[in-house]
Amino acid sequence: MSETFSPEVSDRICSHMNEDHANAIVLYAQAFGGISDAVSAQMLAIDATGMNLTAQVNSETVPVRISFDRILKDAEDAHHTLIEMVKQARKLTK
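Residues numbered from 1 in each chain as written. Predicted model: local features only at pLDDT ≥ 70, side-chain atom pairs only at ≥ 80, totals over all residues. Heavy atoms only, no water.

1. A few points about unusual backbone geometry
Under the convention used in this document: Only runs of H or I of at least four residues qualify as helices and only runs of E of at least two qualify as strands under DSSP, and these elements are numbered from the N terminus. Partly exposed describes any residue whose relative accessible area lies between the buried limit of under 20% and the exposed limit of over 50%, with all areas from a 1.4 Å probe on protein chains only and scaled to the type maximum.
At Asn58, a residue that is not glycine, the phi angle is positive and equals roughly 50 degrees. Structurally, the position occupied by Asn58 is in the loop between β2 (50-57) and β3 (60-67). Although it is not a glycine, Ser59 adopts a positive phi angle of roughly 65 degrees. As for its position among the elements, Ser59 is in the loop between β2 and β3. By relative accessible area, Ser59 is classed as exposed at 80%.

Laid out in structure tokens, this is it:
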């Protein structure tokens, strides 16, 4: 894990995403994780190269690793990348 993504930074981003953007995480799992039938999802960790999620599919919890298309620099870079990814995911899951 990159030093810019300490456990504290990862926890802060995950908490924010899980509390305020739960539907975006479902879209990530569906569009980028190949879990098209996910009904809910949680972000467990994020680092410079990707994010770890769990998705609920048919009453089962499925682990999902989504790699970024480049190495992220810091939390601000992650913020912008996650916003762009949800925009892409919305287009892909329509």
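Next comes the rest of the write-up.
2. Regarding the sheet that holds strand β1 (residues 40-46)
This is how it is decided: Should DSSP find at least two bridges between two strands, the strands are taken to pair. Axis definition: a line fitted to C-alpha atoms, limited for helices to the stretch in contact. Angles are taken between N-to-C directions and run from 0 to 180 degrees. Any two residues having at least one pair of non-hydrogen atoms within 4.5 Å are treated as being in contact.
Judged by pairing direction, the sheet is antiparallel, and its three strands sit side by side in the order β1-β2-β3 without closing on themselves. Only two strands of the sheet have a single neighbouring strand rather than two, namely β1 and β3. Neighbour-to-neighbour, the strand axes of this sheet turn through a mean angle of 25 degrees, independent of strand direction. Of the strand pairs in this sheet, β1 and β2 are connected by six bridges, and their pairing is antiparallel. Its bridge partner lying in β2, Met43 is registered against Leu53. Across the face of the sheet, helix α3 (residues 75-92) comes into contact with β1, β2 and β3 while running at roughly 155 degrees to β1.

3. Describing helix α2 (residues 22-31)
Side chains of residues three or four places apart in an α-helix project in the same direction, reflecting 3.6 residues per turn. Residues Ala24, Ile25, Val26, Leu27, Tyr28 and Ala29 constitute the buried set of α2. Where α2 is buried, its residues contact α1 (7-20), β1, β2, β3 and α3.

4. Some details on the pairing of β2
The buried count for β2 comes to six of eight residues, which makes it a mostly enclosed element. What sits between the antiparallel neighbours β1 and β2 is a turn of three residues. Pairing between β2 and β3: eight bridges, direction antiparallel. Bridging from a neighbouring strand, Met51 pairs with Ile66 of β3.

5. Overview of the pattern of salt bridges
Where charged atoms of side chains with opposite charge meet at close range, the side chains can pair. Selection rule: For this analysis, a salt bridge means a side-chain nitrogen from Lys or Arg found within 4 Å of a carboxyl oxygen belonging to Asp or Glu.
Within this structure, the stated rule accounts for three salt bridges. Between Asp47 and Arg65 there is a salt bridge, with the nearest N and O atoms lying 3.2 Å from each other. Taken together, the positions of Asp47 in the loop between β1 and β2 and Arg65 in strand β3 put the pair 18 residues apart, joining distant regions of the chain. For Asp47, a relative accessible area of 13% gives the class buried. The salt bridge involving Arg70 is made with Asp77; its shortest N-O contact spans 2.7 Å. For Arg70, a relative accessible area of 38% puts it in the partly exposed group.

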